[in-house]
Amino acid sequence: MGSASGTRADGLVIAIDGPSGAGKSTVAHLLAERLGYLQIDTGAMYRAVAYLMHVDGINPDDLGAVERFCRHIDIRLDRADGCQRVIANGRDVSSQIRTPEMSLLTSRVSALRPVREAMMQVQRRMGARGGVVLEGRDIGTVVFPDADVKFFLSASAEERGRRRFQELAAKGEHVSLEETIEAVSIRDLQDSQRDLAPLRMAGDAIAIDSSGRTIDEVLDTMVSVCMNTLHSVGN
Ligand code: DC
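What you are looking at is a predicted structure, and each value in this text was computed from that prediction instead of being measured. Each chain carries its own residue numbering, running from 1 in the written order of its sequence. In view of the model being predicted, local features appear only for residues whose pLDDT reaches at least 70, and side-chain atom pairs are presented and counted only at 80 or more, with totals across whole chains, interfaces and linings using the full set of residues. The side-chain values count all of the structure's non-hydrogen atoms but skip hydrogen atoms and water molecules.

Draft legend 1. Inspection of the overall build of the protein at higher detail. Each helix is a run of DSSP H or I of at least 4 residues and each strand a run of E of at least 2, with the numbering of both proceeding from the N terminus. Across its full length, the protein holds 9 helices and 8 strands. It is over C-alpha atoms that the radius of gyration is taken, and the globule rule equals 2.2 Å times the number of residues to the power 0.38. For the protein, whose C-alpha radius of gyration is 17 Å, the value lies close to the compact-globule estimate of 18 Å for 235 residues. Projected onto its principal axes, the C-alpha coordinates of the protein cover approximately 50 × 40 × 35 Å. Here the protein holds 235 residues, and 49% of them are scored as buried. Sequence separation of 24 or more characterises 75% of the internal contacts of the protein that already satisfy a separation of 6 or more. As displayed, the protein has an accessible area near 11,200 Å², and 51% of this comes from carbon and sulfur atoms. His is not counted, nor are the chain ends; Lys and Arg add positive charge and Asp and Glu add negative charge. Where a charge lies is defined by one atom per residue type, namely NZ (Lys), CZ (Arg), CG (Asp) and CD (Glu). Across the protein, 28 positive and 33 negative side-chain charges occur, with their mean positions spaced 3 Å apart. Each residue is placed in one exposure class: buried if its accessible area under a 1.4 Å probe, protein chains only, is under 20% of its type's maximum, exposed if it is over 50%, and partly exposed if it falls in between. Residue contacts follow a heavy-atom distance rule, with two residues in contact if any of their heavy atoms lie within 4.5 Å. Values of accessible area rely on a 1.4 Å probe in the Shrake-Rupley scheme; residue burial ignores everything except the protein chains shown.

Encoded structure:
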C-alpha cells in the first residue's frame, strides 16, 4: 500500500470504497471518530452536484453546459451537531440529496468527465494533509492511488437493498423492498460498467464482506489495520 503517510502532516489517508449500501458511511464515520480524523463522504459530493444540476436545469447530455457549470460549483462538507452537512454553492442540501430520484440521477451525473475531474481535485485538496477517511467508489484506484490504507467494503445486493429499505422506511419514504433491491442492482451496474473510474477494487485493497457481520466487527478489523499501519510508519 502507499507509503506517503510519513510526509503527510495530519496522519493517514484511508480509503473506503465499495458499492452503495455496504455500510461505508457508517463505518467511515465511526473510524474517523475513533482516529480523530475527518470523514469525507465523496458520494454526498456527487449527490450535491446532481442536485445543483437538477435545480439549474442542466442537461447531463450537454457536456459543454456541464463543463461550464462545473467551473462554478463550490461543494463543502461541514460538521454540525455531530452530523456531516453538505453545502453546495452556499446552501445546505444535506436532506434534498438523499431521495431515490437523486440517487439515480447521481449515478448518471457521476459518470460525466467534467464532474469527476472537478470533484477529484476538490477531494485531493481535502485529503492532502492526511488525517482523513474518504469513502467512495474510486478513492483507492483514482483519487488517492497512494492511500496508506485501502478497504473495499461489500455485501450481497439483497442485504444492501434491505438496509437501504430500512433507512428509507425510517425516514417515512414509501418504497417496496423489491423496488429498493432492484434500484441497488441498477446502480451497481451503472457504477461498475461506466468508462470513467468504474467501481472496482484496487489491487492492494483489503476486502471486507459486511454481510452477516455487525458494524462493531467490521470496525474492529479496520481499526486494527489502521493502528498497525500507523505503528509501522512511526506516526
Ligand atoms: O455512496 P453514495 O450512494 O452516496 O453515492 C452516490 C452516487 O455517486 C453513486 O451512484 C456512485 C457515485 N459515486 C462515484 O461515482 N464516485 C464516488 N467516489 C462516490 C460516489
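Draft legend 2. Representation of the pairing of strand β4 (residues 83-88). One requirement defines pairing of two strands: DSSP has to find at least two bridges between them. Across 6 bridges, the pairing between strand β3 (residues 75-80) and β4 is antiparallel. For Arg76, the partnering residue across the bridge sits in β4 and is Ile87. In the sheet, β4 pairs with strand β5 (residues 91-92) via 2 bridges, with the strands oriented antiparallel. By the bridge assignment for β5, Ala88 is matched with Arg91. If you look at the hairpin formed by β4 and β5, you'll find 2 residues sitting between the two strands, and Asn89 has a positive phi there, around 45°.

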